[in-house]
Amino acid sequence: MSDIILGIESSCDDTSAAVIKDGLLLSNVIASQKVHEAYGGVVPELASRAHQQNIVPVVSEALRQAGISKEDLSAIAFTRGPGLLGSLLVGTSFAKGLALGLNIPLIDVNHLHGHVLSQFIRETEDDVVPEFPFMTLLVSGGNSQIIMVHSPEKMEILGQTIDDAAGEAFDKCAKVMGLPYPGGPHIDRLAAEGDPHRFQFAKPHIPGLDYSFSGLKTSFLYTLRDNLKNNPDFIQQNMADLAASLQHTIVEILVDKLKKAVDMYRPAHLTIGGGVSANNGVREAVEKLCIEKGVTPWLPKRKFTTDNAAMVAIAGMFKYRNKDFCDIAAPPYARVTI
Ligand code: KG4
């Protein structure tokens, strides 16, 4: 009999459902919430309401695209946290109701494990996956971590941000430039046309493998403020160079510590994950580092870098194989570490 897992993701502003059958992805439906664009960031209450509207059609569509009925499902995996509590409650409650109604196991997934394991999402039999243990750079809107992944369940944080995440640095700097939310992809696009050495921004000097992005953010803000005094059109006239210099600095900060971690732990494989791993500068720099250090690089398909249920379903599949199920009373967690 086949193992068919339904994954449900609702931790922030994407409602997503995916079906994985015997390790192969059959569908991955994502409803992104446009309502937040006008506010320059995610509004939690609006996110919960949109999840409520989206969850039934998104799950139905994922089942339809997979060509299966709900009675074929072996288990339901859902994101338990971290995330916005109101958003998590929608996916959690839906998953529980469906699992109870179908009398099948329920599997709780740590959203961060999902990002790390997204490299294992296979769309065809030819897709290859990394071997454990491997090192991961997890960079998203809420996290910047270097992790040693010993197994699907055992992950060890080697370093992490002590303040803002890399995605926050992209988004907040983009916001002061007047770019729409989320700003990361806009900076990436503009950076392709700009000079990465035109402006210099502060880089942190903290020991070990930890990150910090708050100093860079302030230094970016001060550069804009000082230049706007003499030229009100400074941002408009220097959009591409500002984006390229900002991206260059963020990539340097990320890769400096990653290089240090690779030298210390000498992994055979290095993966990246999370929304910021879609960034062209990050991908190029990580690939270059891997070539330099003789490490095998694994860059995720861009569609699996931002929040999606395929990564929840794959993390759920690993737990399903270990019969690692969760209780129907399990509450969602707004905060939880890897
Ligand atoms: O993983 P994700 O969808 O959500 C979290 O779990 O946080 O990541 C969202 C973050 C946002 O900060 C967004 O600006 C950033 O990923 N992002 C990018 C790019 N695509 C998404 N940042 C830089 N370059 C990109 N191409």
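The model shown is predicted, which means the values in this text are computed figures rather than measured ones. (Residues numbered from 1 in each chain as written. Predicted model: local features only at pLDDT ≥ 70, side-chain atom pairs only at ≥ 80, totals over all residues. Heavy atoms only, no water.)

Engineer: Explain the packing of helix H7 (residues 234–265) against helix H8 (residues 280–293) to me, please; I cannot follow it from the model alone.
Structural biologist: Axes are the key here: two packed helices are described by the angle between their axes and the distance separating the axes. Contact pair H7 / H8: the axes reach a minimum separation of 10 Å and the direction vectors enclose 30°. The angle between the axes of H7 and H8 places the two elements in the roughly parallel class. In this structure, H7 crosses over H8, and the sense of that crossing is right-handed. In this structure, H7 uses Gln247, Val251, Leu254, Val255, Leu258, Lys259, Val262 and Asp263 to contact H8, whose residues at the interface are Gly281, Val282, Ala285, Val286, Leu289, Glu292 and Lys293. Split by residue class, the contact of H7 with H8 holds nine nonpolar, two polar and four charged. (Axes fitted to C-alpha atoms, helices over the stretch in contact; angles between N-to-C directions. Helix = DSSP H or I, 4+ residues; strand = E, 2+ residues; numbered from the N terminus. Parallel < 35°, antiparallel > 145°, perpendicular 65-115°, else oblique. Left-handed = near helix turned anticlockwise from the far one by under 90°. Contact = heavy atoms within 4.5 Å. Nonpolar A, V, L, I, M, F, W, Y, C, P; charged D, E, K, R; others polar.)

Engineer: What's the story with the nonpolar core in this structure? I'm lost.
Structural biologist: Grouped together as the largest cluster of nonpolar side chains are 46 residues, with contacts concentrated most on Met135, Met177, Phe213, Ile250, Leu254, Leu258 and Leu270. Taken together, the elements giving at least two residues each to this core come down to strand S6 (134–139), strand S7 (144–149), helix H4 (166–176), helix H5 (184–191), helix H6 (214–230), H7, strand S9 (269–273) and H8. Of all the elements, H7 adds the most residues to this core, at 14 residues. Not counting residues up to four positions away in its chain, the partners in contact with Phe213 are Ser144, Thr161, Asp163, Asp164, Ala165, Ala166, Ala169, Ile250, Ile253 and Leu254. Residues Ile20, Val116, Leu117 and Tyr320 belong to the second largest nonpolar core, which totals 30 residues. (Core = buried A, V, L, I, M, F, W, Y, C linked by side-chain atoms within 4.5 Å. Buried < 20%, exposed > 50% of the residue type's maximum accessible area, 1.4 Å probe, protein only.)

Engineer: Could you clarify how one ought to interpret H7 in this entry?
Structural biologist: Over its 32 residues, H7 extends 44 Å from the first C-alpha to the last, a length consistent with the 46 Å expected when each residue adds 1.5 Å. Along its length, H7 reaches its greatest deviation from straightness, about 55°, at Ala240. After H7 finishes, the residue Arg266 shows a positive phi value of roughly 45°. (Expected span 1.5 Å × (residues − 1). Bend = angle between axes of the 7 residues up to and from the residue.)

Engineer: Help me understand the pattern of salt bridges, please; the structure alone is not making it clear to me.
Structural biologist: Pairing between side chains becomes possible if they bear opposite charge and their charged atoms approach one another. A complete count under the given rule lists 18 salt bridges for this structure. With a shortest N-O distance of 2.8 Å, Glu61 and Arg64 are connected by a salt bridge. Of the two residues, Glu61 and Arg64 are both situated in helix H1 (residues 44–66); the distance of three residues between them amounts to about one turn of the helix. According to the relative accessible area criterion, Arg64 is exposed, its value standing at 57%. In this structure, Lys203 engages Asp256 in a salt bridge whose closest nitrogen and oxygen atoms are separated by 3.5 Å. (Salt bridge = Lys/Arg side-chain N within 4 Å of Asp/Glu carboxyl O.)

Engineer: What exactly am I supposed to notice about the state of the cysteines here?
Structural biologist: Cysteine pairs can be covalently joined through their sulfur atoms, and such a bond is termed a disulfide. Evaluation of the coordinates by the stated rule reveals zero disulfides. No disulfide involves Cys12; its sulfur sits 19 Å from that of Cys173, the nearest cysteine. (Disulfide = S-S within 2.5 Å.)

Engineer: I tried to follow the site of the ligand on my own but got confused; where do I start?
Structural biologist: In the neighbourhood of the ligand, 20 residues make up the surrounding shell, with Gly141, Asp171, Asp188, Gly275 and Asn279 lying closest. Taking Gly141, its main chain carries an N or O atom lying 2.8 Å from an oxygen atom of the ligand. Measuring from a nitrogen atom of the ligand, one finds a side-chain N or O atom of Asn279 at 3.0 Å. Compared with its free state, where it exposes 550 Å², the ligand has 87% of that area covered by protein. (Near = heavy atom within 4 Å. Polar contact = N/O pair within 3.5 Å; in protein donor to acceptor, adjacent residues only side chain to side chain. Areas by Shrake-Rupley, 256 points an atom, 1.4 Å probe, with all protein chains shown as cover.)

Engineer: Would you mind going over the packing of aromatic side chains with me for this structure?
Structural biologist: Each pair of aromatic rings is reported with the distance of its centres and the angle of its planes. As enumerated under the stated definition, the model contains 10 aromatic pairs in all. Taken together, a centroid distance of 5.5 Å and an interplanar angle of 85° make the contact between Phe120 and Phe318 edge-to-face. Highlighted residues: Phe120 in the loop between helix H3 (111–117) and S6 and Phe318 in helix H9 (residues 309–321), separated in sequence by 198 residues. Feature note: the residues Phe120, Phe132, Phe134 and Phe318 constitute an aromatic cluster, connected by ring pairs. We note Arg225 situated over the ring of Tyr222; from NZ or CZ to the ring centre the distance is 4.3 Å. (Phe/Tyr/Trp six-rings, centres within 6.5 Å; stacked < 30°, edge-to-face > 60°. Lys NZ or Arg CZ within 6 Å of the ring centre and 35° of its normal.)

Engineer: Explanation requested: the pairing of S6 in the structure shown.
Structural biologist: Moving residue by residue along a regular strand, the side chains alternate between the two faces of the sheet. Taken across its six residues, S6 has six buried, putting it largely inside the fold. Bridging between S6 and S7 involves six bridges; their strand directions are antiparallel. The residue bridging Thr136 from the neighbouring strand is Ile147, located in S7. Counting the residues in the hairpin turn of S6 and S7 gives four residues. The pairing of S6 with S9 spans four bridges and is parallel. Considered in S9, the bridge of Leu137 is made with Ile272. (Pairing = 2+ DSSP bridges.)

Geometric descriptors of this kind do not, in isolation, establish any biological role.
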